[in-house]
Amino acid sequence: DTEVTQTPKHLVMGMTNKKSLKCEQHMGHRAMYWYKQKAKKPPELMFVYSYEKLSINESVPSRFSPECPNSSLLNLHLHALQPEDSALYLCASSQIKGRGQPQHFGDGTRLSIL
Amino acid sequence: QKEVEQNSGPLSVPEGAIASLNCTYSDRGSQSFFWYRQYSGKSPELIMFIYSNGDKEDGRFTAQLNKASQYVSLLIRDSQPSDSATYLCAVSPYGGATNKLIFGTGTLLAVQP
């Protein structure tokens, strides 16, 4: 069982819809991440939150809007997405230490844009 | 541009054999190295991580790191059909609040019964 929980598992939405992806972890981690993964490709980093503050935005289009309400929760708000945004969206969390720490992934949300 | 290179495979091994997966990285200052296993349609699962030169063993898995050669490998002993998956090598050049993983493209492993 994964310790990072993502909801929903599947999401189908139209290009004009607004929806949100949710991620929750109870491992006491203070870093949380959003990744996008297309079929047969590695995960691509989108955002990093450290101590609930956005520390990395990998030039992601503004139709993706992250939010970190507290140290356990991470949201990704979606608006006016394009068909090419269809992908597996992964949340991960890790400790924060001097050198890079293992990231633990949730099961992902499979997003389809009609 | 920091890069992580892996042979995409497929790497085919018979059941019970040793599978050897390799990865090279470009940033000599990288500090942390990770192997993830990803089954088709599932999320990446952490298998091993290694920080220091040498070998690190966990059950049937051994991670090997050679920083001078900028090379990381994963050995899977007594390979099982259930090990068939894509193995992603990931490198973290930085720590702290910018703990960013750079992934290789993954190696598809097929263990033949």
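Nothing here was measured: the structure is a model prediction, and the numbers come from that model. (Residues numbered from 1 in each chain as written. Chains lettered and ligands numbered in written order. Predicted model: local features only at pLDDT ≥ 70, side-chain atom pairs only at ≥ 80, totals over all residues. Heavy atoms only, no water.)

(A) Structural view of the state of the cysteines. Across all of its chains, the model carries two disulfides over all chains by this definition. Put simply, C23 of chain A and C91 of chain A are joined by a disulfide, and their sulfur atoms are 1.9 Å apart. When the S-S torsion is -70 degrees, as for the bridge of C23 of chain A with C91 of chain A, the disulfide is left-handed. Of the two residues, C23 of chain A sits in strand 3 (residues 18-25) while C91 of chain A sits in strand 9 (residues 87-94), which places them 68 residues apart along the sequence. Given a relative accessible area of 1%, C23 of chain A falls into the buried group. The partner cysteine of C23 of chain B in its disulfide is C89 of chain B, sulfur to sulfur 2.1 Å. Across the S-S bond of C23 of chain B and C89 of chain B the torsion is about -70 degrees, and the bridge reads as left-handed. You can see C23 of chain B sitting in strand 3 (residues 19-25) and its partner C89 of chain B sitting in strand 9 (residues 85-92), a full 66 residues away along the chain. Accessibility classification places C23 of chain B together with C89 of chain B in one group, the buried group. (Disulfide = S-S within 2.5 Å. Helix = DSSP H or I, 4+ residues; strand = E, 2+ residues; numbered from the N terminus. Buried < 20%, exposed > 50% of the residue type's maximum accessible area, 1.4 Å probe, protein only.)

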